[in-house]
Amino acid sequence: SQQGEEDPQALSIQEGENATMNCSYKTSINNLQWYRQNSGRGLVHLILIRSNEREKHSGRLRVTLDTSKKSSSLLITASRAADTASYFCATQAGTALIFGKGTTLSVSS
Amino acid sequence: GAVVSQHPSWVICKSGTSVKIECRSLDFQATTMFWYRQFPKQSLMLMATSNEGSKATYEQGVEKDKFLINHASLTLSTLTVTSAHPEDSSFYICSANRGGTGGYEQYFGPGTRLTVT
């Protein structure tokens, strides 16, 4: 089953610009996580935000969570070509993670 | 710490044969392991949840007789794709939940790319 819907599906920006990706979900959650996946590779865990948190930062990443709107956003500041990847949000209510459809980010130099 | 490995990283098999994929937690005990499937340019779809020593719980639409999951120890889970068909070609990813962490963080393996010819 799939819970999250990412928006946009694809995003192309220049190096140095900021990238914002949004995720919406449908049911109650314990936490929401963001992952990155380079083409054909495994997942890299980026950040976890709990349902009682509203904002979290990690380096160039900023994640917000609005449980009333059932939505989250991931902001990557000062993007680099190495940030080119697919980004997925995943919600967790029990033990399993349910992934969104993902946003493909392309950063050109 | 918290490394998960998968073997093999890629496999090509003929239609009708069976393929076994291993998922190991290398430096921790995994009370729960998860299997996901990812088709090209799509997201990860949860296939099943397996707990050590008990039968796996399959998601709706996943054939349990086709995708056999065994979680015989706290560090190993296997997924066997039986009588594989070309439509089973996909990227299979496992993850492991470290026991005692309250279920918050999963550690993902690098994935196994299966191609059925």
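This is a predicted model, so every value here is computed, not measured. (Residues numbered from 1 in each chain as written. Chains lettered and ligands numbered in written order. Predicted model: local features only at pLDDT ≥ 70, side-chain atom pairs only at ≥ 80, totals over all residues. Heavy atoms only, no water.)

Peer 1: Even after reading the chapter, I still don't get the state of the cysteines, so can you show me in this structure?
Peer 2: Here, the word disulfide means a covalent bond between the sulfur atoms of two cysteines. Across all of its chains, the model carries two disulfides over all chains by this definition. The disulfide partner of Cys23(A) is Cys89(A), and the S-S distance across this bridge is 2.0 Å. When the S-S torsion is 65°, as for the bridge of Cys23(A) with Cys89(A), the disulfide is right-handed. Placement of Cys23(A) in strand 3 (residues 19-24) and of Cys89(A) in strand 9 (residues 85-92) is noted, with a sequence separation of 66 residues between them. Each member of the pair, Cys23(A) together with Cys89(A), is buried. Bridging Cys23(B) to Cys94(B), the disulfide has an S-S length of 2.0 Å. One quick way to see it: the torsion about the S-S bond of Cys23(B) and Cys94(B) is about 80°, and its sign makes the bridge right-handed. (Disulfide = S-S within 2.5 Å. Helix = DSSP H or I, 4+ residues; strand = E, 2+ residues; numbered from the N terminus. Buried < 20%, exposed > 50% of the residue type's maximum accessible area, 1.4 Å probe, protein only.)

Peer 1: Hey, could you run me through the side chain of Ser77(B) in this one?
Peer 2: Residues and elements named next belong to chain B. Mapped onto the fold, Ser77 is located in strand 8 (residues 76-81). The buried category is assigned to Ser77, whose relative accessible area is 0%. A polar side-chain atom of Ser77 sits 3.5 Å from the main-chain carbonyl oxygen of Asn70. Apart from residues lying up to four places away in sequence, Ser77 is in contact with Ile21, Glu22, Cys23, Met33, Trp35, Ser50, Ile69, Asn70 and His71. (Polar contact = N/O pair within 3.5 Å; in protein donor to acceptor, adjacent residues only side chain to side chain. Contact = heavy atoms within 4.5 Å.)

Peer 1: Sorry if this is basic, but what is going on with the interface of chain B and chain A here?
Peer 2: By a frequent convention, interface size equals the accessible area lost on bringing the separate parts together. Contact with chain B, which involves 21 residues of that partner, is made by 24 residues of chain A. Surface buried jointly by chain B and chain A totals about 1600 Å² across both partners, of which 54% is contributed by carbon and sulfur atoms. At the boundary of chain B with chain A, the tally comes to four residue pairs in polar contact (both at pLDDT 80 or more). When contributions to the side of chain B that touches chain A are tallied by element, the ones reaching two or more residues are strand 4 (30-38), strand 5 (44-51), strand 9 (90-98) and strand 10 (106-108) of chain B. Here the side of chain B that touches chain A gets four residues from one element, more than from any other, and that element is strand 5 of chain B. In the side of chain B that touches chain A, the residues fall into 10 nonpolar, eight polar and three charged. (Buried area = accessible area lost by both parts, 1.4 Å probe. Nonpolar A, V, L, I, M, F, W, Y, C, P; charged D, E, K, R; others polar.)

Peer 1: Explain the pattern of salt bridges to me, please; I cannot follow it from the model alone.
Peer 2: Side-chain pairs of opposite charge can arise whenever the charged atoms involved come near each other. Residues and elements named next belong to chain B. For the coordinates displayed, the defined rule picks out five salt bridges over all chains. Of the charged contacts, one joins Lys66 and Asp88 as a salt bridge, the two residues approaching to 2.8 Å between their closest N and O atoms. Of this pair, Lys66 sits in the loop between strand 6 (57-58) and strand 7 (67-73) while Asp88 sits in the loop between strand 8 and strand 9; the two residues are 22 residues apart in sequence, bridging distant segments of the chain. What makes Asp88 buried here is its relative accessible area of 4%. (Salt bridge = Lys/Arg side-chain N within 4 Å of Asp/Glu carboxyl O.)

Peer 1: Honestly, the sheet that holds strand 6 (residues 55-58) of chain A in this entry has me stumped. Any pointers?
Peer 2: Strands in a sheet are paired, the pairing made by backbone hydrogen bonds, and the direction either parallel or antiparallel. All names here are of chain A. Within the open sheet, the five strands sit side by side as 1-3-8-7-6. Their pairing is antiparallel. Of all the strands in the sheet, just strand 1 (5-7) and strand 6 have a single pairing partner and so form its edges. Taking the axes of each pair of neighbouring strands and ignoring which way they run, one obtains an average angle of 15° across the sheet. When strand 3 meets strand 8 (residues 71-76), the two strands line up antiparallel, connected through six bridges. The residue of strand 8 that forms the bridge with Cys23 is Ser72. (Pairing = 2+ DSSP bridges. Axes fitted to C-alpha atoms, helices over the stretch in contact; angles between N-to-C directions.)

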